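Structure at a glance
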Amino acid sequence: MHPQTVPDALFHTRVRNDALGGPNPFEWRQLTSNDVFSGKRIVLFGVPGAFTPACSDSHLPGYEAHADRLRALGVDHVICISVNDAFVMHQWALSRNIENVMMLPDGNGEFTRKMGMLVERTSNGMGLRSWRYSMYVNDRQIEKLFSEPGFKDNPPGVPLDVSAAEVMFAYLQGL
């Protein structure tokens, strides 16, 4: 069973700080679940991995394309979370020209585990990863969660149907 509120977790992010200068002007910033979710309306989608085909070709670009429409419905931030580190998430966003989706690294899998969405992908050499899902969160309260069917360790693949941006947009339009 999924929690009614988002779990407490610590996210290790990298934030640009031009005052640092040099070729890598980024510094570590730890965000808490309160930092990310408190007092905000958030659409968050979890993906199995950066640079993987369905995530890169459909899931992330779908939310990037719908971000303005979601914000017009009152969403404060559209967030992509993956059990990948901040460096990978940053490079993935750059490779796909992502400007409207916040890339939230869950490198330790803490948030994903506490959400009950952590699965083994060891049969593909991917270790522990997120199941594919999306959710609408209002001030830490999970109001709607769309989890792809077939949740299990080492699936042959993970569908992209109910967690797609179009489904979330239709849900929010109906509120």
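Everything numeric in this text was worked out from a predicted model, so none of it was measured. Counting of residues starts from 1 at the beginning of each chain's written sequence and follows it residue by residue. Per-residue local features are limited, in this predicted model, to residues with pLDDT of at least 70; the limit for side-chain atom pairs, both in listing and counting, is 80 or more; totals at the level of whole chains, interfaces and linings are taken over all residues. The basis for every side-chain value is the complete set of non-hydrogen atoms in the structure, without hydrogens or water.

1. Points about the state of the cysteines
Keep this limit in mind: By convention in this document, the label disulfide applies to cysteine sulfur atom pairs within 2.5 Å. Classification of residues uses two cut-offs on accessible area relative to the type maximum, computed with a 1.4 Å probe and protein chains only: under 20% is buried, over 50% is exposed, and between them is partly exposed.
Under the definition given, this model contains zero disulfides. Its sulfur unpaired, C55 is 7.5 Å from the next cysteine sulfur, which belongs to C80. For C55, a relative accessible area of 1% gives the class buried.

2. Digging into the nonpolar core
The line we're drawing: In these notes, a set of buried Ala, Val, Leu, Ile, Met, Phe, Trp, Tyr and Cys residues joined through side-chain atoms within 4.5 Å is what counts as a nonpolar core. Helix and strand definitions follow DSSP, with helices as H or I runs of at least four residues and strands as E runs of at least two, each counted in order from the N terminus. In this description, contact between two residues means that some pair of their heavy atoms is separated by no more than 4.5 Å.
The biggest cluster of nonpolar side chains holds 24 residues, and the ones touching the most others in it are Y63, C80, W92, V101 and M103. Those elements giving two or more residues to this core turn out to be β3 (41-47), α2 (53-72), β4 (77-82), α3 (86-95) and α5 (165-173). Beyond its immediate stretch of four places on either side in the chain, C80 contacts F45, V47, L60, M89, W92, V101, M102, M103 and L104.

3. Some points on the pairing of strand β5 (residues 102-105)
Here is the rule we go by: Pairing between strands requires that DSSP locate at least two bridges from one strand to the other.
When β4 meets β5, the two strands line up parallel, connected through four bridges. Bridged to I79 within β5 is M102.

4. Digging into unusual backbone geometry
Positioned with a positive phi, D139 is a non-glycine residue whose angle comes to about 50 degrees. Along the polypeptide, D139 turns up in the loop between β8 (133-138) and β9 (141-147). For D139, a relative accessible area of 41% gives the class partly exposed. Unlike most non-glycine residues, N154 shows phi in positive territory, near 50 degrees. Along the chain, N154 turns up in the loop between β9 and α5. With relative accessibility at 27%, the residue N154 sits in the partly exposed group.

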